[in-house]
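Now for the letters of each chain:
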Amino acid sequence: MPSMRKKATKDGTPFYEISVSRGRGVSRLTSRWYPPQGWSQKAIDRELTRVAAEFERKVKAGEIITRAEKREQEYQQAMEEAQIKTFRQYCEMVFMPALSIRCAENTRESYESNLRIWIYPALENIKLPEITSAQISAMLLAMQSQGKAHGTVIKAYTVLQAGFKMAYMTDVIERNPMDKVERPKPRKGEKKEAVANAYTAKELQYILSCLNDEPLKWRTMVRLLADTGMRRGECCALQWKDIDFRQNTITISGNLCYTKTAGVYMDTPKNGKNRTIDVDPQVITLLRQLRQEQARHAMSKWVFTQDGSPEVMHPQSPTRYLSQFAKRYGISDLHPHKLRHSFASVAITNGADIASVSEKLGHTDKAVTLRMYTHADQESIKRASQIFRDAVKQA
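Along each chain, numbering runs from 1 in the same order as the chain's sequence is written. For this predicted model, a pLDDT threshold of at least 70 governs which residues receive local features, and a threshold of 80 or more governs which side-chain atom pairs are given and counted, while totals over whole chains, interfaces and linings are taken from all residues. For the side-chain quantities, the full set of heavy atoms in the structure was used; hydrogens and water were omitted.

**What to know about helix H6 (residues 150-169)**
To be explicit about the condition: A helix here means a DSSP run of H or I that spans at least four residues, while a strand means a run of E at least two residues long, and both kinds are numbered starting from the N terminus. Take the number of residues in a helix, subtract one, and multiply by 1.5 Å to get its expected span. Only protein chains enter the calculation, and the probe is 1.4 Å; a residue is then buried if its accessible area is under 20% of its type maximum, exposed if over 50%, and partly exposed in between. Any two residues whose heavy atoms approach within 4.5 Å at even a single point are treated as in contact.
End to end, H6 covers 28 Å across 20 residues, agreeing with the expected 28 Å (1.5 Å per residue, within 8%). Buried within H6 we find His 150, Val 153, Ile 154, Ala 156, Tyr 157, Val 159, Leu 160, Gly 163, Phe 164, Met 166 and Ala 167. Each element contacted by the buried residues of H6 is listed here: helix H3 (87-102), helix H4 (105-123) and helix H5 (133-145). After H6 finishes, the residue Asp 171 shows a positive phi value of roughly 65°.

**As for the sheet that holds strand E4 (residues 243-244)**
Where we set the bar: Should DSSP find at least two bridges between two strands, the strands are taken to pair.
Taken together, the 3 strands give an open sheet; going across it, the order is E4-E5-E8, and neighbouring strands pair in antiparallel fashion. In this open sheet, the two edge strands, each paired with only one partner strand, are E4 and strand E8 (275-278). Of the pairings in the sheet, the one linking E4 to strand E5 (residues 249-252) comprises 2 bridges and is antiparallel in character. Directly across from Asp 244, in E5, lies its bridge partner Thr 249.

**Looking at the packing of helix H12 (residues 336-349) against helix H13 (residues 354-361)**
What counts is decided by this rule: Here, axes are lines fitted to C-alpha atoms. For helices the fit covers the stretch in contact, and angles between N-to-C directions go from 0 to 180 degrees. The cut-offs work like this: below 35 degrees is roughly parallel, past 145 is roughly antiparallel, 65 to 115 is roughly perpendicular, and the gaps in between are oblique. Crossing handedness follows the turn of the near helix against the far one: under a right angle anticlockwise gives a left-handed crossing, and clockwise gives a right-handed one. When residue character is reported, Ala, Val, Leu, Ile, Met, Phe, Trp, Tyr, Cys and Pro are called nonpolar, Asp, Glu, Lys and Arg charged, and the others, Gly included, polar.
Packing of H12 against H13 brings their axes to within 10 Å, and their N-to-C directions diverge by 165°. Taken together, the axes of H12 and H13 are roughly antiparallel relative to one another. By crossing handedness, the relation of H12 to H13 is classed as right-handed. Across the interface between the two elements, Arg 340, Phe 343, Ala 344, Ala 347 and Ile 348 of H12 pack against Ile 354, Val 357, Lys 360 and Leu 361 of H13. Taken together, the residues of the contact of H12 with H13 break down into 7 nonpolar, no polar and 2 charged.

**Observations concerning the environment of Arg 32**
Our working definition: Think of a polar contact as two N or O atoms within 3.5 Å of one another; within protein, one of them needs to be a possible hydrogen donor and the other a possible acceptor, and neighboring residues in sequence only count if both atoms come from side chains.
When you line up the elements, Arg 32 lands in strand E3 (residues 29-33). Expressed as a C-alpha distance, the spacing of Arg 32 and Glu 17, which sit 15 residues apart in the sequence, is 4.7 Å. Residues contacting Arg 32, with those up to four places away along its chain left out, are Thr 9, Phe 15 and Tyr 16. Here the side chain of Arg 32 touches Tyr 34 through a polar contact of 3.0 Å, side chain to side chain.

**Topic: the pairing of strand E7 (residues 263-267)**
Of the strand pairs in this sheet, strand E6 (residues 255-259) and E7 are connected by 5 bridges, and their pairing is antiparallel. Across the sheet, the residue bridging to Asn 255 is Asp 267, located in E7. If you look at the hairpin formed by E6 and E7, you'll find 3 residues sitting between the two strands.

**Describing the side chain of Gln 144**
Within the secondary structure layout, Gln 144 lies in helix H5. According to the relative accessible area criterion, Gln 144 is buried, its value standing at 11%.

**Digging into the sheet that holds strand E1 (residues 3-8)**
What the 3 strands build is an open sheet, ordered E1-E2-E3; its pairing is antiparallel. The open sheet has two edge strands, E1 and E3, and neither has a second partner. Averaged over all neighbouring strand pairs, the angle between strand axes comes to 25°, with direction disregarded. In the sheet, strand E2 (residues 14-20) pairs with E3 via 5 bridges, with the strands oriented antiparallel.

**Some details on the confidence of the model for the protein chain**
Condition: What pLDDT reports is the predictor's confidence in each residue, on a scale of 0 through 100.
The pLDDT averaged across the protein chain works out to 87; a share of 90% of its residues lies at or above 70. By mean pLDDT, helix H15 (residues 378-394) is the weakest element of the protein chain at 63, and E4 is the strongest at 96.

**Quick notes on the pattern of salt bridges**
As a reminder of what qualifies: Counted as salt bridges are all cases of a side-chain nitrogen of Lys or Arg within 4 Å of a carboxyl oxygen of Asp or Glu.
Under the counting rule described, the total for this entry stands at 18 salt bridges. A salt bridge links Glu 17 to Lys 7; the shortest N-O distance between them is 3.3 Å. Of the two residues, Glu 17 sits in strand E2 while Lys 7 sits in strand E1, which places them 10 residues apart along the sequence. Notably, a salt bridge pairs Arg 108 with Glu 112, separated by 3.9 Å at the nearest N-O pair. One end of the pair, Arg 108, and the other, Glu 112, are both in helix H4, 4 residues apart, so they sit about a helical turn from each other. Classification of Arg 108 as buried rests on a relative accessible area of 15%. Under the relative-accessibility criterion, Glu 112 is labelled partly exposed at 24%.

**As for the environment of Leu 99**
In this structure, Leu 99 sits in helix H3. Between the C-alpha atom of Leu 99 and that of Tyr 111, which follows or precedes it by 12 residues, the distance is 9.0 Å. Not counting residues up to four positions away in its chain, the partners in contact with Leu 99 are Arg 108 and Tyr 111.

**A word on the nonpolar core**
For the record, the criterion: By convention a nonpolar core is built from buried Ala, Val, Leu, Ile, Met, Phe, Trp, Tyr and Cys residues, the set being connected through side-chain atoms within 4.5 Å.
Formed by 42 residues in total, the largest nonpolar core has its most connected members in Leu 224, Ile 250, Phe 304 and Leu 334. Breaking this core down by element, the ones donating at least two residues are helix H7 (201-209), helix H8 (216-228), helix H9 (232-236), E5, helix H10 (281-297), helix H11 (317-329) and H12. Among the elements that line this core, the one with the most residues is H8, at 6 residues. Each residue touching Leu 334, except ones within four places of it in the same chain, is listed here: Tyr 199, Ile 207, Leu 322, Ser 323, Phe 325, Ala 326 and Leu 339. Ala 78, Cys 91, Tyr 111 and Ile 173 belong to the second largest nonpolar core, which has 32 residues in total.

Shown next, in the form of structure tokens:
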């Protein structure tokens, strides 16, 4: 029989706690029932008896369980199904749903695209435990023989690594076939002349000088991207409330993203944390001018909007604009992320400490900053040598 006790909330609202035992060693389940105002005690007792009986029936039938028990049920069911499923079924039922929980939407869509275009045609109907290293290697070699770019082959390899690692770590398979699959190397003759990941200070100076005749909105955005190293989506997500005009700082608290599946949507910054960064006073002046211009046409909470509209700018618009801008002024390989690389490269090669640059870029790991953004030129290499020599002389 369920037990029933009359209680009250902090504000004095009365309710009845219904508790049902599920046997020794298993936690009891409870439910609340709030009697309608104005009911007589006889009516309350009658309805409470009915509600308690129905709650007990559902508990005994297993229709009501704790959240932890539900999660465990779902996990066990997924694992049981995955053990007898093909590669595609495992990915659709376990791997991709798990990826959707912990990864950004654009990452999920990239994985989905690689699976659909390159991996499923070769492996989809094979039982997961039966897939061999040789089959995976043959698929990757086939991609290369078809002339697919090295970066495309590496993306497929990365997806396979993640999928089989999850299957192995959750005991769906007893061995990981990717352990014996060599990371694809570029085809002979495929290596192209490397495109610099960052501009020099002199090249940046030229790019910024070309902005003088550009619309205020784009002049402001490009200067802001170059001065702060912020990501394209972080820049598009800026709102006026994020800018402190007195302190010359900006708080980065969002990341505007786009995928074909989800459309335009707001996400958190890539590392999941807000950060406040300083901004060149000249850029702050441009932002003031932009706000005044926006007020005359279509005032918005967003800093960067669509032309003649208060709606936020599409996160892919800066890339399209910079491509056209680069053609007009003869600039090579200009895109938002290269401005981010350039900020870090120029700062580091001119003496900025890694920790400060990493903090401004929003990296969770300083090793990422070191690995991706230290583009030392001959001048900085010579300067490093001279610093060493001077230190030894002064010792």
